[in-house]
Amino acid sequence: MLIRPRSRILSLSIRMPTGGLILSVASSEEVVLSQATTAGGEVFREIRIRESTGFRSLLEVVAETSFEQWLLQSQAHYERLIDNGQVRHQWRMGKMGGKGKEARKEVANSQPT
């Protein structure tokens, strides 16, 4: 994954368990993840923050491999977590929960060709 900052810096965590992708951002303001976009041969999603004039892009998460493209294009499941007064916005994509070779085989078979 390639990260392109667009405006201010924010705390971003990227985890890639077998068959999945978890993006997590710490922010007290409303933060959203865009739909997957394909432009210039790249697949990416933007993390945006709501402002009085609309949404502003904070950064882009860009796929560098076909597997990462598949992850970014899969449905994102949103979760808002509060830990010690800090708000964390988290999105999960892909197929998670499997272990080892079986999970990798299932993910590989579900990718578009």
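Keep in mind it's a predicted model, so treat the numbers as computed, not measured. (Residues numbered from 1 in each chain as written. Predicted model: local features only at pLDDT ≥ 70, side-chain atom pairs only at ≥ 80, totals over all residues. Heavy atoms only, no water.)

Student: I tried to follow the overall build of the protein chain on my own but got confused; where do I start?
Tutor: Looking only at helices and strands, one finds two helices and nine strands in the protein chain. In the protein chain, the succession of α and β elements from N to C terminus is β-β-β-β-β-β-β-α-β-β-α. Across the 113 residues that make up the protein chain, the buried fraction comes to 35%. Considering only contacts within the protein chain whose residues lie at least 6 apart along the sequence, 52% involve residues at least 24 apart. With the model as given, the accessible surface of the protein chain reaches about 6800 Å², and the carbon-plus-sulfur share is 47%. (Helix = DSSP H or I, 4+ residues; strand = E, 2+ residues; numbered from the N terminus. Buried < 20%, exposed > 50% of the residue type's maximum accessible area, 1.4 Å probe, protein only. Contact = heavy atoms within 4.5 Å. Areas by Shrake-Rupley, 256 points an atom, 1.4 Å probe, with all protein chains shown as cover.)

Student: How should I be thinking about the nonpolar core in this particular structure?
Tutor: Buried together is how nonpolar side chains tend to be arranged in soluble globular proteins. If you look at the biggest cluster of nonpolar residues, it comprises 19 residues, and the most contacted ones within it are Leu21, Leu23, Ile47, Val61, Leu72, Trp91 and Met93. Of all elements in the fold, only strand S3 (20–26), strand S4 (31–33), strand S6 (42–51), strand S7 (54–62), helix H1 (66–73) and strand S9 (86–94) reach the threshold of two or more residues within this core. Other than its neighbours up to four places away in sequence, Ile47 contacts Leu12, Val25, Val31, Val32, Leu33, Arg56, Ser57, Leu58, Leu59 and Val61. (Core = buried A, V, L, I, M, F, W, Y, C linked by side-chain atoms within 4.5 Å.)

Student: I would appreciate a short explanation of the confidence of the model for the protein chain in the present structure.
Tutor: A low pLDDT means the predicted coordinates there should not be read in detail. The pLDDT averaged across the protein chain works out to 85; a share of 85% of its residues lies at or above 70. The least confident element of the protein chain, judged by mean pLDDT, is helix H2 (residues 100–110) at 52; the most confident is strand S5 (residues 37–39) at 95. (pLDDT = per-residue confidence, 0-100.)

Student: Any chance you could explain the packing of aromatic side chains here in plain terms?
Tutor: Where two aromatic rings form a pair, the distance of their centres and the angle of their planes describe that pair. Using the criterion set out here, one finds two aromatic pairs in the structure. Between Phe67 and Trp70, the aromatic rings sit 5.8 Å apart at their centres with planes inclined by 25°, giving stacked as the arrangement. Highlighted residues: Phe67 and Trp70, both in helix H1, separated by three residues, approximately one helical turn. By relative accessible area, which is 25% here, Phe67 ends up partly exposed. The exposure class of Trp70 is buried, given its relative accessible area of 11%. (Phe/Tyr/Trp six-rings, centres within 6.5 Å; stacked < 30°, edge-to-face > 60°.)

Student: How should the side chain of Arg45 be read in this particular structure?
Tutor: Within the secondary structure, Arg45 is located in strand S6. Of the buried charged residues, Arg45 lacks a salt bridge, with Glu46 as the closest side chain of opposite charge at 11 Å. Polar contacts involving the side chain of Arg45 include one to the main-chain carbonyl oxygen of Ser74, which spans 2.8 Å. Apart from the residues within four sequence positions on either side, Arg45 is in contact with Leu33, Ser34, Gln35, Ala36, Leu59, Glu60, Val61, Leu72, Gln73, Ser74, Ala76 and Met93. (Lys, Arg positive; Asp, Glu negative; His and termini not counted. Salt bridge = Lys/Arg side-chain N within 4 Å of Asp/Glu carboxyl O. Polar contact = N/O pair within 3.5 Å; in protein donor to acceptor, adjacent residues only side chain to side chain.)

Student: Is there a simple way to explain the sheet that holds S3 in this structure?
Tutor: Two orientations exist for strands paired in a sheet by backbone hydrogen bonds: parallel and antiparallel. Spatial ordering of the open sheet is given by S2-S3-S9-S8, a layout of four strands whose pairing is antiparallel. Edge positions in the sheet fall to strand S2 (11–15) and strand S8 (77–83), since each of these pairs with one other strand and no more. Averaged over all pairs of adjacent strands, the angle between their axes in this sheet comes to 20°, without regard to strand direction. Pairing geometry for S2 and S3, over five bridges, is antiparallel. Counterpart to Leu12 in the pairing with S3 is Val25. Lying over the sheet, H1 contacts S3 and S9, oriented at roughly 115° with respect to S9. (Pairing = 2+ DSSP bridges. Axes fitted to C-alpha atoms, helices over the stretch in contact; angles between N-to-C directions.)

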